[in-house]
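A closer look at the structure
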Amino acid sequence: MDEEPERAKRWEGGYERTWEVLKEDESGSLKATVDDILFQAKRKRYMFEGHGQVRLGMMRHLFVIIDSSRSMEDQDLKPNRLTSTLKLMEFFVEEYFDQNPISQIGIITTKNKRAEKLTDLAGNPKKHIAALKKAVDGTCVGEPSLYNSLNVAMQTLKHMPAHTSKEILVIFSSLTTCDPANIYELIKTLNALKIRVSVIGLSAEVRVCTILTRETGGSYNVILDESHFKELLMLHVKPPPASSSSECSLIRMGFPQHVIASISDQDAKPSFSMSHLDSTSEPGLTLGGYFCPQCRAKYTELPVECKVCGLTLVSAPHLARSFHHLFPLEAFQETPLEEYEGERFCEACQGELKDKSIFTCQACKKVFCVECDLFIHDTLHCCPGCMQTDRTS
Amino acid sequence: MKLNIEGLLVYFPYDYIYPEQYSYMLELKRTLDAKGHGVLEMPSGTGKTISLLSLIVAYQKAYPLEVTKLVYCSRTVPEIEKVVEELRKLMDYYAKQTGVKNDFLALALSSRKNLCIHPEVSSLRFGKEVDGKCHSLTASYIRAQHHSNPCQPVCQFFEEFDAVGRQVPIPPGIFNLDDLKDFGRRKGWCPYFLARYAILHANIVVYSYHYLLDPKIADLVSKELAKKSVVVFDEAHNIDNVCIDSMSVNITRRTLDRCQTNVETLQNTISRIKETDAAKLREEYMRLVEGLKEANVARETDIYLSNPVLPDEILQEAVPGSIRTAEHFVGFIKRFLEYLKARLRIHHVVQESAPQFLKDIYEKVCIDRKPLRFCAERLRSLLRTLEIADIADFSAITLISHFATLVSTYSKGNLYDYDFHQKTPTIANPVLHFSCMDPSIAIKPVFGRFQSVIITSGTLSPLDIYPRILDFRPVTMASFTMTLARTCLCPLIVGRGNDQVAMTSKFETREDFAVIRNYGNLLLEMSAIVPDGIVAFFTSYIYMENIVASWYEQGILENIQRNKLIFIETQDAAETSMALEKYQEACENGRGAILLSVARGKVSEGIDFVHHFGRAVIMFGVPYVYTQSRILKARLEYLRDQFQIRENDFLTFDAMRHAAQCVGRAIRGKTDYGLMIFADKRYARADKRGKLPRWIQEHLTDGSLNLTIDETVQLSKHFLRQMAQPFRREDQLGLSLLTLEQLQSEDMLQKIAQIAQQA
């Protein structure tokens, strides 16, 4: 196609209408509402979780499917869709393991009508990030295949125990999919296996994704720009509510202690880590490590599933970090600024309250600005106002 | 919810209402109050049907003496069924709210083919066959023969109905076609005749246009409808063409040949009957001497809807002597036939007006005007007397007789045209087109007879032209816009390619290589960014073929196919429906598809592309009608002389209504969204733009005129992403969707007042 090289030049690719966001809207119904909708979506993120005691799927098995088809070369995300996506994915993987320490992730790419597993399900962020870094140099060719990639993910996920949350996240840039069989059959199977599929579209709403997400109970979003993309991706960091039908069971977990042995120690024998047996790149013999309390197999990193006895090995801090998902901070009440009587200072940042609405903690009645409200709910997970009153009382 | 529309209590079966629906009902109420006609334009997908039904039913309940019947005319069977379903919802709501059992009778009527329950007859595939077979089982003399000879087969359903069905009225309720069939099966009555009989006392009748407009059918079905009825023509943007079609006749050599055989059969039957039963023919003769008095009496007392084929003056006269006896009449028809045959032997195109034709026929074969006018009635009477069972065989001669009557009755606004058949330009195969120039002839009795006639559609702009071409005086003309919480339609006018070459389907430049290439690039670029389905419309089949061939040579087609599959509408109906099915499948499973079709074709008129089936519509060129056609030229001339409508105004109006129809296919509701791309620089001109419906024009800003392809791509991308954001009902509430409380607020009522724009 002779159009391609032309389009590659930035100045011919069309102007971006960055000023459109700032456009004042007199009719009061259209453009401004889109921002409003976005703002509400921002808050909805934790409002959604705030509904009392919801069971959460804390042990997650997530496959991320990344479209690497021709359309990923599009330059509407800078420098192009693929690079931008992979960059965000790195961030996502880190954040994911930070918030879900006892969960696992795997990455699949699809191009040229095929699906390829980039990394298998594993609980170690390093390996995934390395794989993602490497993938940047890959070429984007052909069409993606939604069917094939979902199928690959399903083959692994269907063997996962029923008490875990099985999820697939598709990052879909193309508007078409090239499938070898009827995808609606596959959707039915996914639904039966209770695998939740969510999609983030990079270009526009595609019907088959709408159906796919609706049937399997996932979410479907289309990005507006890069920052919106990041927000949407971050939505998937929090564990989703578990479906009520998923079975409930006690799981055995091992809490291995880290044994540090020095060379000077006479009893210390260097040994292989079980997780690195098959890889050649890592250094083989080490002294210390985590030893499975059940079978004494050694691992250098946690969390991991013991290769020998199948016990889930975690450390206590991991579990503690997941704790806040179970008891999330209540959503703050939103009130318009005009109705608020009192000093107009945010309790957290001490800045002046200038936005059109303020947020009040239901417990301690302290007020906060939008930014702090987000920060408290996203990062702190506890209200600074309440902490203060706890201490003083 | 219960609404108060200027003092009228209206039950509305939904909890929410669109502001424009409220406004629409207001206008409708005023029209009914004034007992006049109305022209109302409201975009599709905003609940036109339910607003119409709610208001008119409420009106009927409140003033049972003012409005006795609602006659709702729609175009296709699925549309009829949809209307009945809405009505059912409304009636259920009434029953629930008032606690009184519904005492309304509403029913749908369709052809025998859709209603027949006779096991043999209903298995026939074509409507004509069903009609013919049905007639051969139910005609009065067949049944008389059955009395004497029980072996003669009759339809037991009809017999049963005829025996008891008329005495026992059909119970109140809502009957769609299937309900009628069920009811018929239960009782053992023929649903078709039951429905035809029941429309006389039904409160609401839903049927096709033709039952009112086509004189041949209207006479049978609708002539006894009460004067105090409200008639609604839904999807009426093409009503003038329907009127014209119902009054036009095309005659080929084949028709004449078949007519010839018909005449021979008639002759044989007559001579046979003469030997056996001469009294019968004499009886008929006497009846004809009496004249058509009966019909005349009926018309004077205003019981019948007058048949435009047979104007009042004729009824007062007796059938002229020259065609009273059967043999004379057959001889007369024969002569007429020979004359037509002679005329069709010509090798050049001739165009004549009615008086010219009559003069010529008088000079050549001495046929007077008067007997010609009685031709249709006379033939019907003869067929009845001769007890010919299968009238389907006689369609050719019936056609000729209709032609004779029409030609002699309406000297104004008609035209004959001997034309060569288009498919075989080398072989002389002339066709006689008898075309009616004046749509008001067919619709005049409707306007004259009924108290209120409402013409409504999604695209009726410019409103003032309809009253002019249909020759009536409406009391209300209004256009309603769509109130939207988000701009879900995005009309763009693409005038130039990336190389700045103007894009247009203008005749002089349509073969231009650059134009074709730019059209191709536009489709290619759009196929890469629009999800699921794209529908592209061309101005004609030939133009589409040329362009697609050229795209193939340039390799554009191949590139497009990398993004989406391509389907093409053809003139073959079976092929097209196959293509359409596959197109929808491709949209459904994520492959994505493009449907190339033609404005004025089947796809552009009847098929909706909801949601993902049409995310973008591209209109390549302005769909002007083929202006070199003689019939069109004559019609334009007629319009200019009679109604002072300039040729250009009419042509643009016609082109724009079709363009609006095409692009309107994509938006079928407020949750739907779609791009509307007008790919021709001529759309940007004020005279074209101004003729688009107001609900499209509103969103056509200066920024979206005369764009280049890459600007279009940028705007579309932006639009599609905006639209893909989650959209919930709460976002609509208060803006484009109202609860009862919101509706009653003062400022909302003010806003609503602005929705309707009086023309």
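Nothing here was measured: the structure is a model prediction, and the numbers come from that model.

Quick notes on the rules
Residues numbered from 1 in each chain as written. Chains lettered and ligands numbered in written order. Predicted model: local features only at pLDDT ≥ 70, side-chain atom pairs only at ≥ 80, totals over all residues. Heavy atoms only, no water. pLDDT = per-residue confidence, 0-100. Contact = heavy atoms within 4.5 Å. Buried area = accessible area lost by both parts, 1.4 Å probe. Salt bridge = Lys/Arg side-chain N within 4 Å of Asp/Glu carboxyl O. Helix = DSSP H or I, 4+ residues; strand = E, 2+ residues; numbered from the N terminus. Pairing = 2+ DSSP bridges. Buried < 20%, exposed > 50% of the residue type's maximum accessible area, 1.4 Å probe, protein only. UniProt positions renumbered as here; feature names shortened; annotations may be inferred. Polar contact = N/O pair within 3.5 Å; in protein donor to acceptor, adjacent residues only side chain to side chain. Core = buried A, V, L, I, M, F, W, Y, C linked by side-chain atoms within 4.5 Å. Right-handed = clockwise from strand over helix to strand, strands pointing away. Axes fitted to C-alpha atoms, helices over the stretch in contact; angles between N-to-C directions.

1. Focus on the confidence of the model for chain B
For any part of a model where pLDDT is low, the fine detail of the predicted coordinates should not be relied upon. Residues and elements named next belong to chain B. Looking at chain B, pLDDT values average 83 and 92% of them are 70 or higher. A low-confidence stretch, residues 296–306 (pLDDT under 50), is modelled with 27 contacts involving residues beyond four sequence positions or located in other chains. Within the model, pLDDT remains below 50 along residues 420–425, and this stretch shows 10 contacts once partners closer than five positions in the same chain are excluded. This prediction of the complex comes with two scores: 0.82 for pTM and 0.79 for ipTM.

2. With respect to the interface of chain A and chain B
The interface of chain A with chain B comprises 40 residues on the first partner and 40 residues on the second. In this assembly, chain A packs against chain B so that about 3200 Å² is buried in total across both faces, 47% of it on carbon and sulfur atoms. Among the residues of chain A in contact with chain B, Leu 175, Glu 205 and Arg 207 of chain A are the three that bury the most area, contributing 18% of the side total. On inspection of chain A and its partner chain B, the count reaches six salt bridges.

3. Comments concerning unusual backbone geometry
Here Lys 78 of chain A and Pro 79 of chain A are connected by a cis peptide whose omega angle stands at -10 degrees. Note the cis peptide between Ser 461 of chain B and Pro 462 of chain B, where omega equals -10 degrees. You can see Pro 462 of chain B is positioned in the loop between β13 (452–457) and α23 (465–470). Within the chain, Lys 35 of chain B stands out as a residue other than glycine whose phi angle is a positive 55 degrees. Within the element layout of this structure, Lys 35 of chain B appears in the loop between α1 (19–33) and β3 (37–41).

4. What about the sheet that holds strand β13 (residues 304–305) of chain A?
Residues and elements named next belong to chain A. Read from one edge of the open sheet, three strands run β7-β14-β13, paired in mixed fashion. A single partner strand is all that each edge strand has here, and the edge strands are β7 (253–254) and β13. Relative to strand β14 (residues 312–313), β13 is paired through two bridges, and the arrangement is antiparallel. Each bridged residue has a counterpart across the sheet, and for Glu 305 the counterpart in β14 is Thr 312.

5. Some remarks on the side chain of Thr 481 of chain B
Residues and elements named next belong to chain B. Counting through the fold element by element, Thr 481 comes out in the loop between β14 (474–480) and β15 (489–494). Look at Thr 481 and you get buried, because its relative accessible area is 6%. Residues in contact with Thr 481, not counting those within four places in the same chain, are Glu 20, Pro 43, Arg 694, Trp 695, Glu 698 and Ile 755.

6. Some thoughts on the UniProt feature "zinc finger region: C4-type" (unreviewed entry) in chain A
Taken from the UniProt record, the annotation "zinc finger region: C4-type" (unreviewed entry) applies to residues 292–309 of chain A. End C-alpha atoms of residues 292–309 of chain A are separated by 9 Å, and the span's content is 0% helix alongside 22% strand.

7. A few points about the environment of Tyr 184 of chain A
Tracing the chain through its elements places Tyr 184 of chain A in helix α6 (residues 183–192). With a relative accessible area of 21%, Tyr 184 of chain A lands in the partly exposed category. For the pair formed by Tyr 184 of chain A and Ile 211 of chain A, sequence separation is 27 residues and the distance between their alpha carbons is 8.8 Å. Among all residues touching Tyr 184 of chain A, those that are not within four sequence positions of it are Val 208 and Ile 211 of chain A together with Glu 588 and Asn 589 of chain B.

8. Describing the environment of Asp 608 of chain B
Residues and elements named next belong to chain B. Along the chain, the position of Asp 608 falls in the loop between α28 (602–606) and β19 (616–620). Residues Asp 608 and Gly 664, spaced 56 residues apart in sequence, show a C-alpha to C-alpha distance of 8.8 Å. Setting aside anything within four residues of it in sequence, one finds Asp 608 in contact with Arg 665 and Arg 668. Within the structure, Asp 608 has its side chain in polar contact with the side chain of Arg 665 (distance 2.8 Å).

9. Things to note about the nonpolar core
As a rule of thumb, nonpolar side chains are buried together in soluble globular proteins. Among the nonpolar cores identified, the biggest contains 169 residues, and Tyr 207, Phe 233, Ile 239 and Phe 403 of chain B are the most heavily contacted of them. The element that contributes the greatest number of residues to this core is helix α17 (residues 326–343) of chain B, accounting for nine residues. With residues near it in sequence (within four places) discarded, Tyr 207 of chain B still touches Val 71, Tyr 72, Cys 73, Ser 74, Ile 80, Leu 109, Ile 199, Leu 212, Val 221, Ser 222 and Leu 225 of chain B. In this structure, Met 154 of chain A together with Met 503, Ile 529 and Cys 587 of chain B belong to the second largest nonpolar core, which totals 113 residues.

10. Focus: the pairing of strand β17 (residues 565–568) of chain B
Residue and element names in this part refer to chain B. Two strands pair when backbone bridges link them, and β17 and strand β18 (residues 593–598) are joined in this way by four bridges, in the parallel orientation. The partner of Leu 565 across the bridge, within β18, is Ala 593. A crossover connection joins β17 to the parallel β18 through helix α27 (residues 573–588); in handedness this β-α-β unit is right-handed.

11. Some remarks on the side chain of Arg 112 of chain B
Residues and elements named next belong to chain B. Note on placement: Arg 112 falls in helix α4 (residues 112–115). For Arg 112, a relative accessible area of 14% translates into the label buried. Among all residues touching Arg 112, those that are not within four sequence positions of it are Val 130, Asp 131, Cys 134, Tyr 192, Phe 193 and Arg 196.

12. Overview of the sheet that holds strand β6 (residues 173–175) of chain B
Think of a sheet as strands paired side by side through backbone hydrogen bonds, with each pair either parallel or antiparallel. Residues and elements named next belong to chain B. An order of β6-β5-β7-β4-β8-β13-β3-β14-β21 is seen for the nine strands of this open sheet, with the pairing classed as mixed. Only two strands of the sheet have a single neighbouring strand rather than two, namely β6 and β21 (756–758). With direction set aside, neighbouring strand axes in the sheet form an average angle of 15 degrees. The sheet contact formed by strand β8 (residues 229–233) and β13 spans four bridges and is parallel. Each bridged residue has a counterpart across the sheet, and for Val 232 the counterpart in β13 is Ile 454.

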